[in-house]
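Next come the chains, spelled out residue by residue.
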Amino acid sequence: MTNQDLNLSGSSILLNSNIGLWAIEMQDDHKPKMFANDVTYEILMADKDLSPQELYDYWYAKISADYFVQVANGFKKMANGIRSEIQIQWNHPFYGLLWFRFNGVINNEYKKVTRIEGTCQDVTDLRHEEIESESILQKNTSVMENLSSEFSSVFYLDLETQELTPYVLKNEFKPIFSQFLKEGYRYTQIVNHFTDRFVYEPDKYEFLSTCKIENIRSILSTKKSFNYIFQNNNRNFCEIKFAKIGNVKNPSFIALGFANKDNYIKTDLKKQSIIHAFTYNYDLITYIDVETMKDDEFAIDQDFLRKFQNWNKSVSYTERMEILRDTIVYPEDRNVFTKATTKEKLFFELKKNLFYTVNFRAISENKPLYYQLKFVLENLGGAHIICGLYS
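Residues numbered from 1 in each chain as written. Predicted model: local features only at pLDDT ≥ 70, side-chain atom pairs only at ≥ 80, totals over all residues. Heavy atoms only, no water.

The helix and strand inventory of the protein chain stands at 14 helices and 15 strands. The proportion of buried residues among the 391 residues of the protein chain is 42%. The contacts in the protein chain between residues at least 6 apart in sequence include a share of 47% that link residues at least 24 apart. Of the roughly 22,200 Å² of accessible surface on the protein chain, a fraction of 48% belongs to carbon and sulfur atoms. (Helix = DSSP H or I, 4+ residues; strand = E, 2+ residues; numbered from the N terminus. Buried < 20%, exposed > 50% of the residue type's maximum accessible area, 1.4 Å probe, protein only. Contact = heavy atoms within 4.5 Å. Areas by Shrake-Rupley, 256 points an atom, 1.4 Å probe, with all protein chains shown as cover.)

And the structure:
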């Protein structure tokens, strides 16, 4: 049989699509034969003077060893009447390893020998795109998983359509966003509704500006991610994070995370405030809530405890000042100390300045020591006062 005997004329569509046609004949005690049209010869870069047996040997010898089992299984299915597809790597004589796709099935009308017919296509470019897409998907999944470990609500955001797709929804934000999505709201609508109902009034303008699509595009053109901290109506600190998906300069899709991080952020800012406010080695540092005047002891020096063994922890600012006055302050200074440390005096001074100091003498082992109390408004908008005592 010659190649001309093949009914492989095909259509102009196949030819223009660079899809080759082939047939393989298999017979017991005979070497397999392969027949092909011009497109397949060109794809395989095969010499047209090759005999059908030589063409088969040429084709089979260049199959990457990793795909021999896949080829055998695929052709077994084709021979059993199951139309099958195999995608393999093939060692091209000029281009090296390429990806080829073979589709085929047995021709049951051909009775002389077992004859499988099908198509052949070079899908190297397509396969590389698939591999790149798989890699991007893995990276995207990694981005989403990382966000999910830190944020209670995570979304995909399409910057073109503004469609918001939930990846994770839990905790306090779940009913909020579930309702918005059920109503069919797009991203900008959700941001506007969320701001009106849940964002603390002084933070609303900056929150809206930060969450604008134009702002997101601008920042993510130079950064992989950015975050913004705001307060909700309960004065809890929350965080929103925008993360780029993929390495493109101007992404179409981004990841978006929401979380209530009040405890974490207040603890972190508390430490930052203390470090920023006090550069000396203070004997005592406390943290005062402006609303409740609850006074939490943050740090205390052991030498201070040895000097003043009758020192006791207190639960409020007023109690702490009374203990300082009655047990530590030099008797002649106690009246002045009391007037200088009232709640009203403290607030009055801190409204005028960033910090306020009170100097006094302390008694220890019958020797006067000179001490200073320093009060500083922290960087949480004045919701707390840091108090330090040092000699």
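With 5 of 6 residues buried, strand β6 (residues 153-158) is to be regarded as a mostly interior element. In terms of strand pairing, β6 meets strand β7 (residues 164-169) through 5 bridges, oriented antiparallel. Looking at the pairing, Tyr156 lines up with Thr165 of β7. Between β6 and β7, which pair antiparallel and follow one another directly, the connecting turn spans 5 residues, one of which, Gln162, has a positive phi of 65 degrees. In this sheet, strand β10 (residues 253-260) lies alongside β6 in antiparallel orientation, the contact comprising 6 bridges. By the bridge assignment, Leu157 is partnered in β10 with Ile254. (Pairing = 2+ DSSP bridges.)

Structurally, Leu181 is set in helix α6 (residues 173-182). What makes Leu181 partly exposed here is its relative accessible area of 25%. Sequence separation between Leu181 and Glu163 is 18 residues, and the spatial gap between their C-alpha atoms is 9.6 Å. Leaving out residues up to four positions away in the same chain, Leu181 has contacts with Phe155, Leu164, Pro166, Leu169 and Ile190.

Overall, antiparallel pairing links the 5 strands, which are arranged β2-β1-β5-β4-β3 in an open sheet. Either end of the sheet is taken by a strand with one partner, and the two such strands are β2 (33-36) and β3 (84-92). When the angles between neighbouring strand axes are averaged without regard to direction, this sheet yields 30 degrees. Sheet analysis places strand β1 (residues 19-26) next to strand β5 (residues 114-122), joined by 8 bridges and oriented antiparallel. Opposite Met26, over in β5, you have Thr114 as the bridge partner. Contacts between helix α3 (residues 52-61) and the sheet are confined to β1, β2, β3 and β4 (96-106), with β2 contributing the most and set at about 90 degrees to the helix. (Axes fitted to C-alpha atoms, helices over the stretch in contact; angles between N-to-C directions.)

None of this, on its own, says anything about what the molecule does.
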